[in-house]
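Remarks on the overall topology
As a plain string of letters, each chain reads:
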Amino acid sequence: MADSAQAQKLVYLVTGGCGFLGEHVVRMLLQREPRLGELRVFDLHLGPWLEELKTGPVRVTAIQGDVTQAHEVAAAVAGAHVVIHTAGLVDVFGRASPKTIHEVNVQGTRNVIEACVQNGTRFLVYTSSMEVVGPNTKGHPFYRGNEDTPYEAVHRHPYPCSKALAEWLVLEANGRKVCGGLPLVTCALRPTGIYGEGHQIMRDFYRQGLRLGGRLFRAIPASVEHGRVYVGNVAWMHVLAARELEQRAALMGGQVYFCYDGSPYKSYEDFNMEFLGPCGLRLVGARPLVPYWLLVFLAALNVLLQWLLRPLLLYAPLLNPYTLAVANTTFTVSTDKAQRHFGYEPLFSWEDSRTRTILWVQATGGSAQ
Ligand SMILES: NC(=O)C1=CN([C@@H]2O[C@H](COP(=O)(O)OP(=O)(O)OC[C@H]3O[C@@H](n4cnc5c(N)ncnc54)[C@H](O)[C@@H]3O)[C@@H](O)[C@H]2O)C=CC1
Ligand SMILES: C[C@H](CCCC(C)(C)O)[C@H]1CC[C@H]2[C@@H]3[C@H](O)CC4=CC(=O)CC[C@]4(C)[C@H]3CC[C@]12C
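Residues numbered from 1 in each chain as written. Chains lettered and ligands numbered in written order. Predicted model: local features only at pLDDT ≥ 70, side-chain atom pairs only at ≥ 80, totals over all residues. Heavy atoms only, no water.

Going by what an unreviewed UniProt entry lists, the chain is known as 3 beta-hydroxysteroid dehydrogenase type 7 and is assigned to Saimiri boliviensis boliviensis. Checking UniProt for the chain, the heading Subcellular location (unreviewed entry) contains the comment "Endoplasmic reticulum membrane". We quote the UniProt Sequence similarities (unreviewed entry) comment for the chain here in full: "Belongs to the 3-beta-HSD family." (UniProt positions renumbered as here; feature names shortened; annotations may be inferred.)

Now the structure itself:
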């Protein structure tokens with residue numbers, strides 16, 4: 001697709017294009033990818049908002065499908081130049097079984113790779129996660145780390161296990177000959193905790209705070225820092241990476257990139273208060289109000305309750321040993337690899353990201369949307 005014609009229009013496929021991140025990727029492509037000729041949005045559940053996009057100048061094709069079904073993926077990929085594979089089962093709460101998580105995240109990714117190979121699609125960007133690195137089960141801090149920082153990555157939980165395996169599949173596929181004989185070029189982007197418009201957990205915290213009379217209670221020490229990244233910047237990074245993969249194949253092929261922007265390093269709860277504070281909530285306690293050992297006990301109790309209640313109902317609270325370990329372990333990234341390799345600069349400043357998120361929480365937080 002190189003210099004044959006600068007004006008050549010490209011077909012993009014976004015898997016998981018109706019999810020939190022996927023919707024932003026879809027909208028960003030439509031706004032910022034001048035070579036876009038057709039945009040295929042593939043998802044298990046299609047969003048009604050897609051309809052309004054169909055009236056624009058770019059052809060938008062909505063495809064209801066399942067990444068675990070190889071034939072459905074192959075049909076969606078046929079004729080696509082670029083695939084952004086963001087579909088995934090994001091579950092660290094025990095809602096889905098480990099088998100289902102593996103099927104969607106690992107087998108689904110395998111299906112996407114094979115479909116690219118069979119159809120001669122050469123460019124694949126995969127949404128990985130910081131979780132492929134850590135935090136590890138030992139709670140080691142990852143402080144201002146980059147893509148080369150040594151870290152003992154130990155995965156036990158099905159979600160990070162599946163993301164690590166899927167990322168490995170994607171990177172290993174770099175260089176494979178696709179139909180037509182040219183090499184596949186792949187890269188993986190690793191967002192830290194994403195926030196922004198559409199962030200379900202943020203909305204849940206807001207509603208919980210409203211129920212508790214405008215208060216949330218500190219559970220994690222303020223000294224535990226998390227790297228967070230605005231969804232618009234994560235989407236922009238996907239669009240840029242996909243665009244540059246061809247010209248910079250030798251440099252970018254088989255590489256991983258953390259997703260980063262200018263969002264401040266803070267504890268998970270203090271960071272959320274950047275948005276929930278202006279919406280009228282306050283975080284009670286300069287220090288955690290419950291001792292850590294009690295949280296550990298409650299987290300373990302939740303696992304037991306989840307198991308006992310499973311025949312009757314799905315009990316999947318936010319607190320479990322894994323989420324507690326993640327929330328209670330410093331994990332921050334500091335890198336410029338994406339800037340050096342493909343010229344990424346955040347599109348949204350911290351102030352913009354914050355304002356957009358606050359407006360969204362205010363608009364939708366109290367409603368049933
Ligand atoms: N939310 C976060 O903080 C982070 C997310 N990620 C990754 O980003 C990607 C997107 O995550 P989010 O937007 O947060 O999650 P999400 O749940 O909002 O979006 C995932 C989308 O994938 C779709 N999907 C799930 N199973 C599917 C299947 N079998 N076939 C087709 N589509 C399917 C869902 O319907 C959904 O629209 C995931 O791969 C996730 O692992 C990575 C780092 C952080
Ligand atoms: C739900 C956690 C916060 C509640 C802690 C409690 C119960 C003590 O108040 C969230 C803390 C950190 C989050 C994770 C982190 O942002 C990294 C992630 C990356 C992903 O790829 C998927 C999502 C997540 C695992 C994210 C999930 C929620 C937290 C565990």
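Its 16 residues give helix 5 (residues 158–173) an end-to-end C-alpha distance of 22 Å, which sits within 8% of 22 Å, the value for a rise of 1.5 Å per residue. Among the residues of helix 5, those classed as buried are Y159, P160, S162, K163, A166, E167, L169, V170 and A173. The elements touched by buried residues of helix 5 are helix 4 (98–119), strand 5 (123–127), strand 7 (185–191), strand 11 (255–259) and helix 11 (321–327). One or two residues past the end of helix 5 sits G175, with phi positive at roughly 95 degrees. (Helix = DSSP H or I, 4+ residues; strand = E, 2+ residues; numbered from the N terminus. Expected span 1.5 Å × (residues − 1). Buried < 20%, exposed > 50% of the residue type's maximum accessible area, 1.4 Å probe, protein only. Contact = heavy atoms within 4.5 Å.)

All told, the structure shown has 15 aromatic pairs when counted by the stated rule. Relative to F342, the ring of Y257 lies with its centre 5.0 Å away and its plane at 90 degrees, an arrangement referred to as edge-to-face. Taken together, the residues span a long stretch of sequence, with Y257 in strand 11 and F342 in helix 12 (residues 337–342) at a distance of 85 residues. Taken together, the ring pairs connect Y195, Y230, F271, F275, F348 and W350 into an aromatic cluster. Over the face of the ring belonging to F258 we find R190, whose NZ or CZ atom lies 5.6 Å from the ring centre. (Phe/Tyr/Trp six-rings, centres within 6.5 Å; stacked < 30°, edge-to-face > 60°. Lys NZ or Arg CZ within 6 Å of the ring centre and 35° of its normal.)

Our next topic: the sheet that holds strand 11. The 7 strands lie next to each other as 3-2-1-4-5-7-11, forming an open sheet whose pairing is parallel. Sheet topology places strand 3 (59–64) and strand 11 at the edges, where each strand pairs with a single neighbour. Geometrically, the sheet is characterised by an average inter-axis angle of 20 degrees between neighbouring strands, direction not taken into account. As judged from the 6 bridges shared by strand 2 (residues 36–43) and strand 3, these two strands associate in the parallel manner. Paired with V41 across the bridge in strand 3 is A62. Its contacts with the sheet put helix 5 on strand 5, strand 7 and strand 11, and the angle it makes with strand 7 is roughly 150 degrees. (Pairing = 2+ DSSP bridges. Axes fitted to C-alpha atoms, helices over the stretch in contact; angles between N-to-C directions.)

Now for the UniProt feature "domain: 3-beta hydroxysteroid dehydrogenase/isomerase" (unreviewed entry) in the chain. The positions that UniProt labels "domain: 3-beta hydroxysteroid dehydrogenase/isomerase" (unreviewed entry) are, in the present scheme, residues 13–283. Secondary structure content for residues 13–283 is 38% helix and 20% strand, and the end C-alpha separation is 42 Å.

Moving on, we come to the confidence of the model for the chain. The share of residues in the chain with pLDDT of 70 or more is 97%, and the mean pLDDT across the chain is 95. Interface confidence for the predicted complex, given as ipTM, is 0.98, next to a pTM of 0.96. (pLDDT = per-residue confidence, 0-100.)

Along the polypeptide, L216 turns up in strand 9 (residues 215–217). Residues L216 and G285, spaced 69 residues apart in sequence, show a C-alpha to C-alpha distance of 9.1 Å. The residues touching L216, leaving out its near neighbours within four places in the chain, are F205, Q208, G209, M273, L276, L281, R282, L283 and V284.

For the rest of this paragraph, the subject is the site of ligand 2. Around ligand 2, a shell composed of 15 residues is seen, among which V90, S129, E131, Y159 and G193 lie nearest. With respect to ligand 2, the side chain of S129 contributes an N or O atom lying 2.7 Å from an oxygen atom. At 2.7 Å, a side-chain N or O of Y159 approaches an oxygen atom of ligand 2. Relative to its unbound accessible surface of 630 Å², ligand 2 loses 89% to contact with the protein. A total of 3 residues in the shell around ligand 2 trace back to one element, the largest contributor, which is helix 11. (Near = heavy atom within 4 Å. Polar contact = N/O pair within 3.5 Å; in protein donor to acceptor, adjacent residues only side chain to side chain. Areas by Shrake-Rupley, 256 points an atom, 1.4 Å probe, with all protein chains shown as cover.)

Most of strand 1 (residues 10–15) sits inside the fold, with 6 of its 6 residues counted as buried. Here strand 1 shows no split at all, with L10, Y12 and V14 on one side and V11, L13 and T15 on the other all buried. Relative to strand 2, strand 1 is paired through 6 bridges, and the arrangement is parallel. Counterpart to T15 in the pairing with strand 2 is F42. Read from strand 1 through helix 1 (residues 20–32) to strand 2, the crossover connection turns out right-handed. Inspection of the sheet shows strand 1 paired to strand 4 (residues 82–85) by 4 bridges, in the parallel sense. Pairing of L13 across the sheet is with V83, part of strand 4. (Right-handed = clockwise from strand over helix to strand, strands pointing away.)

This part is about the nonpolar core. Formed by 69 residues in total, the largest nonpolar core has its most connected members in Y12, L29, L39, M237, L276 and F342. Excluding residues within four positions of it along the chain, Y12 makes contact with L29, E33, L36, E38, L39, R40, V82, I84, A242 and R243. In this structure, V106, V112, C116 and L184 belong to the second largest nonpolar core, which totals 28 residues. (Core = buried A, V, L, I, M, F, W, Y, C linked by side-chain atoms within 4.5 Å.)

Another point: the state of the cysteines. Taken as a whole and judged by the stated rule, the model has 0 disulfides. The thiol sulfur of C179 is not disulfide-bonded, and the nearest other cysteine sulfur, from C116, lies at 12 Å. The exposure class assigned to C179 is exposed, which follows from its relative accessible area of 51%. (Disulfide = S-S within 2.5 Å.)

For helix 3 (residues 70–77), the set of buried residues is V73, A74, A76 and V77. One face of helix 3 carries all of its buried residues, which in axial projection span an arc of 165 degrees. Helix 3 presents H71 and A75 as exposed residues on the side facing more than 90 degrees away from its buried surface. Check the buried side of helix 3 and you find it contacts strand 1, strand 2, strand 3, strand 4 and helix 4. (Arc of directions from axis to C-beta.)

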